[in-house]
Every structure is written in C-alpha cells, then in structure tokens.
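Report on the structure
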Amino acid sequence: MKFGIDRPSKLFQHWEQPVPAWTLSIIWICLISFVAFIWHLGSIGLVDETEPLFAEAARQMTETGDWITPYFNGATRFDKPPLIYWLMAIAYQTIGVNEWAVRLPSALAAIALTTMGFYTLKQFGFPSPAAAETATVPNLSHQTSRQRWLGSWIGAAMLALNTHTIVWARTGVSDMLLSGCMGIALLAFFCGYAQPARPQVQARWYLAFYVLSALAVLTKGPVGIVLPVLIIGAFLLYVGNGWTVLREMRLLRGGLIFLAIAVPWYILVIQANGQEYIDSFFGYHNFERFTEVVNRHDAPWYFYFFAVLVGFAPWSLYLPVAIARLRIWQRTHWQQQPRATHLGLFASSWLLIIFSFFTIAVTKLPSYVLPLMPAAAILVALLWSEQITRPQISRSVLITGIVNTIFLAALAGAVLYSPNWLGDDPTMRNLPEVIRQSGLLPWGAASWAIAASVMLVLLLRRRGRWLWLVNFMGFFAFIVFAVMPAFSVVDGLRQLPLRQLSATMLQAQQPQEMLTMLGFQKPSLVFYTERPILFISDPDDLEEQLDQLFEQNTPSVLMVAFPHKLREADLEPEQYQLVEQAGAYQLIRIRLPLKEN
C-alpha cells in the first residue's frame, strides 16, 4: 500500500544548474559545520577527566621539545599514538594554549569528513542501479541529478548533525580524528573503486586511502587499519571482484607508502621506551581492551544498539529501512551492477563491520561506534534521496515516520523529566535545580514537541517526503536553544570552580610548596596550573604521603579536596588553613609536619 504526496520539483528546479547548486552547497556545508563544530567551540573549559589528559600531554610536548614520547604530569602517557598531540601542539604554537586549540583538530576532522561525505554522495549517491542507468538518458537525467544533489545535502546534514559527531567533534580527544581519518580514507577508497575507467583518477584516490589509513594508525593504533581492511575485504568478497580491485590498488606501492608514514614513530617510541611501551600500548590499550574489561567499561552485548539509536537519533530510526531496501540478499543482482552504484552496499559493509567488531570486543564505550556514523548517514541519505523524488512514499517509510513522530514526542517528555536523572555527580549535586531554573527545559521540550506536531500534520496530509526536514529543524533547534546553553550551565557548576582554584593556586603557591589533590583526580588542574599535581587517591594514605613530603623538605602543601574527603582522612579544621572554596571544592594549605589531632 502506498500513499501519494505532492511533489516538490518546482522548489529544486532553479537550483539544479551547477553554479547555484554548488553555491548553495558551500553555504549549506558552512552553516551546518559552523553550528555543529565551531560555534562556541572554546567557550567552556576542558572537561575532566579525559580531555585534559590529551591537552596537557600536547602542552608538555611543546614545553619539553620531546615529540616522540607523550607525558602527562611528569609520567609517560602511552594510551594513544601522537597525531592528536602533534596537531594540538601545532595549534598551541599557532593560536595559543587554550580550549580552542585543544578542540580545533577534532572540529577540523569533522568538517573534512562532512565535506568528503557530501562530495561522495554528490558523485556516486545513486539511490538505486536504475537511477545510475537514467543518468545518461537526456529526458531522465535531471531526476537522477536532483536525487544526488538532495542526497548530498541531506547526507551532509545527517553526518554533521547527530549527537555522537557533535559531542566528539567538540572534545579534544582522539576519537573524532580517528573517525575523520578512517572515514575519509574509506570514502577515498570508494571514489577510486567506482571509477575503473579513469585509472589516473583512481590511482590518486587509492593513494589518499593509504595516506589517510596511515594517519588513522598514528591517531589510535592498529584499529586504524584493521577496520578499513575488514570493511573493504567484506565488501569485495560480496561483490566478487576482489582480485581485480586489489591489483588496481597496487598493494605493494600502497603498502610501502602506508608503512613509511605509519611505522617510523612506533620505531622511535619503542627505542626510547622499550618493552614498557609495547606492554602498555599494544598489550593493555589494544589487546586487553578487545579481550577483557578495562577500566570497568563493560556493557551487555546489545549496548551498541542503544548507542547507535541515541547517538544517531532521530535519523537512526530509518536505518533498518535504509539497509533493507538494498536487498543485500540479491547478491547476483548486485554483482551485475556498475561499481558506481555500490555506495549503499559499501556503507552497509562499513556500518555492519564496525558494529560487529565492537560488539564482540569486551570493553565497550559509546565513542567506539563513532566511526560508523558516516556510513549510517550515507545509508539514510540514499533512502531519502529516493523517497523525496518519487511520486509516492513507500509504506515502510510511512510506518517509520509514525514511529519517528512518537519518538520525537517521547523526547519532548524526556527533556522535561531529565532533571530527575541528574545529580549523581558529586561536583554538582544541585544540577537538577539549576537546570529547572535556567529555563532551558521548555525550550528543549518545545523543539521536539513542535517537530512531532508538524510531523503528525505532514503524515495526515500525506506529505511524508518532508519528514527528514522536520527532523533536521527539530534537531537544529534543540542544539541551538537547549544543548549549547546547557553546556555552559554544566561548565559553570563542574569545571569553572576548578579553573578558579587553579588561578588561586598559582597566586597563593609559596616557594617549594607542593600542589596536591585528595580523593580523586581532575587532570584539568595540571593543564590550567601548568604545574605538576600530586594526586592522593586514598584519604587513608594522606598522612603517610605528607610525612614523605616533609622528609623531602617540603614545607607545606596546597590541596584541593571535597570536605567529606578531608573528614575521611581524619583531618581536623585546626590542622589546615582554608584558602578558598569554589563550588563543591575546597582549597586548603597544610603546614608540614602535620599537627597531631
């Protein structure tokens, strides 16, 4: 059963000429990239605990001049390879040591990935093999052209405007850089694969694949090449032309280029640090993360179903339909189609391999599925580029649209109820009340409620082809009017007090006085003070640690702590001097030796 809807051809016919279409495309990419990745990028402080670890390791590179071995707080940091640190360090030397510089590599990676996704959809975003066949038919080519333009605009919006991408593109860690390098590498491979009749162009794209894969390995290690190999291998095995494509890729030359870029740093860092680096990086941070639970990051096997549903919402609702419409089970049919029509198949392999790989992995984190978001965006964009130019919308999309409407209404309710889920963080116990008083909840709920209402009207009037636009507008409004202001609220409660105390510590620190933190670690203190911090995790160890510092001729310590941690350490008020209180934290000075109770 299908339902007729009005066709919006007139709206697009004026934009199908190359100059207006490309002008609109540039404006579109700049707009969504600015809102998603650049707007207020440096307006909040670094977010503990992971982001300051990367930021400080990069800062210490610029300070020590050692660009081989990363350090944090005076100790080696072998968690990740150096590319993210190098880019941050270059940004520090260009625009200064600040939050902008920390997050700029992630933001630029997201912009590059969005742009490459747009280009690939524009060139090869045929929603079906039949659409590719009509591209050369004079009377029908305009529809195929329109589908590719629409698919590229919609795909770029979905690629940029999803929760997962926005969060990690605004965070100074390696995840977005990995997703950018790997995603662009895979798209470069497909651009080469899809043009067998243009060997010189094909060779350039394959070269880009090797270079970007090497950069992915320098960003996060072996996973940067293991996943692309699995994705491409599964795809070529399906289409059945693997040996031909591998010959086209010139594996020997490409492999040498890859090794020349990816391997030298690993040789140098192993020479400098020996077995310690091998055991830490390759053993603990790679092999053990795949085979064991690391840092208590465990989750059930179905964890990533929810991670993708939420992280790619609301577009994720259309993924089942977008994959099913390809009819992957018709392998013989697809093997007979031109390579340029295989983008949907390639994106399916991309999504399913990454999803399966990290589902098998024992350690689970939401960020692990970030590299599959471009594939998800391509699949859903291909679906909508077909639906929006058809005379009738399919039943499966209509049913999903109904689910979409219910989902948006549920999101509106969840926003209003969200303060009841907050307050677990000891640094901002009053967050629920502050959020209620901020006035953000009505704005956030209204964004989704209005979108749900408009979507319902469109469905009732049988104009379901515009559902993607309603999702876009609702998400855009939610980001602008609720999420961005909420970031500032949370920063004011959680991170601003630490920045204030960091400034006070620099002013109040006396000669030979040690800076310390009791009961927990907030690496942002190291970044903002630009001084080493002694972290004392267990309050029961405080007295022993202070005795050792006294034996080292340390006259006093400046300590950041929660009041209840001071009580757990059996410190009485007369044993320390309160220097400043900010938020939930206290900054105290303890004279050594410690006075007896």
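To be clear, the structure that these remarks concern was listed above.
Presented here is a report on the structure given in the accompanying data block. Just so it is clear, the model here is predicted, and its values are computed rather than measured.

Turning to the sheet that holds strand S9 (residues 585–591), a few remarks are in order. Taken together, five strands build an open sheet; the order of strands is S6-S5-S7-S9-S8 and the sheet is mixed. Each of the sheet's edge strands pairs with one partner strand only, and the pair in question is strand S6 (534–536) and strand S8 (577–582). For this sheet, the mean inter-axis angle between neighbouring strands, taken without regard to orientation, is 25°. Sheet topology places strand S5 (residues 514–518) next to S6; three bridges connect them, and they run parallel. Residue pairing in the sheet places Met-517 in a bridge with Phe-535 of S6.

According to the stated counting rule, one finds 13 salt bridges in the structure shown. Here Arg-103 ties to Glu-51 by a salt bridge, and the two come within 2.8 Å at their closest N and O atoms. Of this pair, Arg-103 sits in helix H5 (residues 99–124) while Glu-51 is found in helix H3 (residues 50–64), placing the two residues 52 residues apart along the sequence. By relative accessible area, Glu-51 is classed as buried at 3%. Between Glu-513 and Arg-589 there is a salt bridge, and its shortest N-O distance comes to 2.6 Å. Residue Glu-513 is found in the loop between helix H24 (496–508) and S5, and its partner Arg-589 is found in strand S9; the two are separated by 76 residues along the sequence. When its relative accessible area of 4% is taken as the criterion, Glu-513 is described as buried. By relative accessible area, which is 7% here, Arg-589 ends up buried. Members of the salt-bridge network, linked through shared partners, are Glu-56, Arg-59, Glu-63 and Glu-530.

Note that Glu-292 resides in the loop between helix H14 (275–291) and helix H15 (303–311). Overall, the relative accessible area of 42% leaves Glu-292 in the partly exposed class. Here the alpha-carbon distance between Glu-292 and Ala-169, two residues 123 residues apart in the chain, equals 28 Å.

Two quantities define a packed helix pair, namely the angle between the helix axes and the distance between the axes. Helix H23 (residues 467–494) packs onto helix H2 (residues 18–38) with a crossing angle of 35° between their chain directions and a minimal axis gap of 11 Å. Where H2 abuts H23, its residues Trp-28, Ile-32 and Val-35 lie against Phe-472, Phe-476, Val-480 and Met-484. The class makeup of the residues in the contact of H2 with H23 is seven nonpolar, no polar and no charged.

Quick look at the pairing of S9 now. In terms of burial, S9 is a largely internal element, six of the seven residues being buried. With five bridges connecting them, S8 and S9 associate as antiparallel partners. Note on S9: the bridge partner recorded for Ala-582 is Tyr-585. The hairpin formed by S8 and S9 contains two residues between the paired strands, and Gly-583 there has a positive phi angle of roughly 60°.

Topologically, Ser-33 is positioned in helix H2. Given the relative accessible area of 4%, Ser-33 is considered buried. A polar atom in the side chain of Ser-33 sits 2.8 Å from the backbone oxygen of Ile-29. When residues no more than four places from it in sequence are discounted, the contact partners of Ser-33 are Ile-38, Ile-111 and Thr-114.

Parameters and conventions
- Residues numbered from 1 in each chain as written.
- Predicted model: local features only at pLDDT ≥ 70, side-chain atom pairs only at ≥ 80, totals over all residues.
- Heavy atoms only, no water.
- Pairing = 2+ DSSP bridges.
- Helix = DSSP H or I, 4+ residues; strand = E, 2+ residues; numbered from the N terminus.
- Axes fitted to C-alpha atoms, helices over the stretch in contact; angles between N-to-C directions.
- Salt bridge = Lys/Arg side-chain N within 4 Å of Asp/Glu carboxyl O.
- Buried < 20%, exposed > 50% of the residue type's maximum accessible area, 1.4 Å probe, protein only.
- Contact = heavy atoms within 4.5 Å.
- Nonpolar A, V, L, I, M, F, W, Y, C, P; charged D, E, K, R; others polar.
- Polar contact = N/O pair within 3.5 Å; in protein donor to acceptor, adjacent residues only side chain to side chain.

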